[in-house]
Amino acid sequence: MSDATPNVHYSSGRTIYIRHSVKADQRDRYETWLRQIINAAAEFPGHQGVHIVRPPTGQHTFEISVRFSGRAEAEAWLDSDIRKELISEIRTALESQEQVEIKTGIDFWFTPPASTAPQPTRWKQWALTTAVIWPLTMVVPAVYRPVFDLIPVLGVWGVRHGIVAATIVGLVVYLIMPRLVRLVAGWLFR
């Protein structure tokens, strides 16, 4: 598998993009299996979450993004015996062989660009991202203010901005956005 060109700003984590075209009469079986493999992946070191884009009515391609803290952790999951065993169990329910890519960056928030699944419009991505970051830009600096007062070197112009920005990006990437996208997927992908 080729690795994507690292993003200068965010290159440590890896997202595994998986596409499964499921036979129409095998969807229930696949959904049950999907829960099993998600639980198995969650047990692996470096696992940071899963995002599933289910196919719209009349279509059968599931898109799964599995996030890991690094390339080695992602490859360990892909090459694991448990994953190979689970894939062999579901192979007969698939219309074609699975498609797998490992990518870097924060693009795992939304559906991958090469996807055939419905993608959110840019204005919805902008609105959702703004709705998340705006309150954080008010709350995070206020939370850090006592720390900056206690340790003045951290409160120096530029340094404090870096700490605040890193905190906001971390909260958005790892905690808030993956959950929020799932919560508002009905609106986002409409």
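Predicted model only: the values in this text are computed from it and were never measured.

Thoughts on the packing of helix 1 (residues 27-42) against helix 3 (residues 81-90)
Relative orientation of the contacting elements helix 1 and helix 3 amounts to 180°, with a least axis distance of 11 Å. Judged by the inter-axis angle, helix 1 sits roughly antiparallel to helix 3. Judged by residue contacts, R29, Y30, W33, Q36, I37 and A40 of helix 1 engage I82, R83, L86, I87, E89 and I90 from helix 3. The residue inventory of the contact of helix 1 with helix 3, partitioned by class, reads eight nonpolar, one polar and three charged.

So, a nonpolar patch on the surface
Side chains of V147, L150, I151, V153, V156, W157 and V159 sit close together on the surface and give an oily, nonpolar patch of about 700 Å² of accessible area. With respect to the helices, strands and loops of the structure, V153 is situated in the loop between helix 4 (122-150) and helix 5 (159-183). On the basis of relative accessibility, which here comes to 57%, the residue V153 falls in the exposed class.

Describing the environment of I18
In this fold, I18 is placed in strand 1 (residues 14-21). Spatially, the C-alpha atom of I18 lies 5.5 Å from that of Q99, the residues being 81 residues apart in sequence. Those residues in contact with I18 that lie beyond four places of it in its chain are F62, E63, I64, V66, R83, E98, Q99 and V100.

Comments concerning the environment of V169
When you line up the elements, V169 lands in helix 5. Placed 33 residues apart in sequence, V169 and L136 show a C-alpha to C-alpha distance of 9.6 Å.

Regarding the confidence of the model for the protein
Chain-level statistics for the protein give a pLDDT mean of 84 and a share of 86% at 70 or above. Confidence, expressed as mean pLDDT per element, reaches its minimum in the protein at helix 6 (residues 185-188) with 79 and its maximum at helix 3 with 95. Here residues 1-11 scores under 50 on pLDDT; set against residues more than four positions off or in separate chains, the count is 23 contacts.

Digging into helix 3
Helical geometry note: an α-helix holds 3.6 residues per turn, so side chains three or four residues apart project in the same direction. Taken residue by residue, helix 3 has R83, L86, I87 and I90 as its buried positions. Projected onto a plane normal to the axis of helix 3, the buried residues spread over an arc of 100° and lie on a single side. In the core, the buried residues of helix 3 are packed alongside strand 1, helix 1, helix 2 (71-78) and strand 4 (99-103).

Focus on the sheet that holds strand 4
Backbone hydrogen bonds hold the strands of a sheet together, and the pairing may be parallel or antiparallel. Here four strands make up an open sheet; going across it, the order is 2-3-1-4 and the pairing antiparallel. On the outer flanks of this sheet lie strand 2 (47-53) and strand 4, each paired with one strand and no other. Here the strands of the sheet are splayed against their neighbours by 15° on average, with no regard to which way each runs. Bridge count between strand 1 and strand 4: five bridges; the pairing is antiparallel. The residue of strand 4 that forms the bridge with Y17 is E101. Across the face of the sheet, helix 2 comes into contact with strand 1, strand 3 (61-68) and strand 4 while running at roughly 30° to strand 1.

Remarks on the nonpolar core
The biggest cluster of nonpolar side chains holds 24 residues, and the ones touching the most others in it are I16, Y30, W33, L34, I64 and V66. Going through the elements one at a time, strand 1, helix 1, strand 2, strand 3, helix 2 and helix 3 are the ones with two or more residues in this core. Ranked by residues supplied to this core, first place goes to helix 1 with six residues. Formed by 13 residues, the second largest nonpolar core is a distinct cluster that contains V132, L136, I168 and L180.

Conventions adopted
- Residues numbered from 1 in each chain as written.
- Predicted model: local features only at pLDDT ≥ 70, side-chain atom pairs only at ≥ 80, totals over all residues.
- Heavy atoms only, no water.
- Axes fitted to C-alpha atoms, helices over the stretch in contact; angles between N-to-C directions.
- Helix = DSSP H or I, 4+ residues; strand = E, 2+ residues; numbered from the N terminus.
- Parallel < 35°, antiparallel > 145°, perpendicular 65-115°, else oblique.
- Contact = heavy atoms within 4.5 Å.
- Nonpolar A, V, L, I, M, F, W, Y, C, P; charged D, E, K, R; others polar.
- Patch = residues over 30% accessible without salt bridge, like charges linked within 9 Å, V, L, I, M, F, W, Y side chains within 5 Å.
- Areas by Shrake-Rupley, 256 points an atom, 1.4 Å probe, with all protein chains shown as cover.
- Salt bridge = Lys/Arg side-chain N within 4 Å of Asp/Glu carboxyl O.
- Buried < 20%, exposed > 50% of the residue type's maximum accessible area, 1.4 Å probe, protein only.
- pLDDT = per-residue confidence, 0-100.
- Arc of directions from axis to C-beta.
- Pairing = 2+ DSSP bridges.
- Core = buried A, V, L, I, M, F, W, Y, C linked by side-chain atoms within 4.5 Å.

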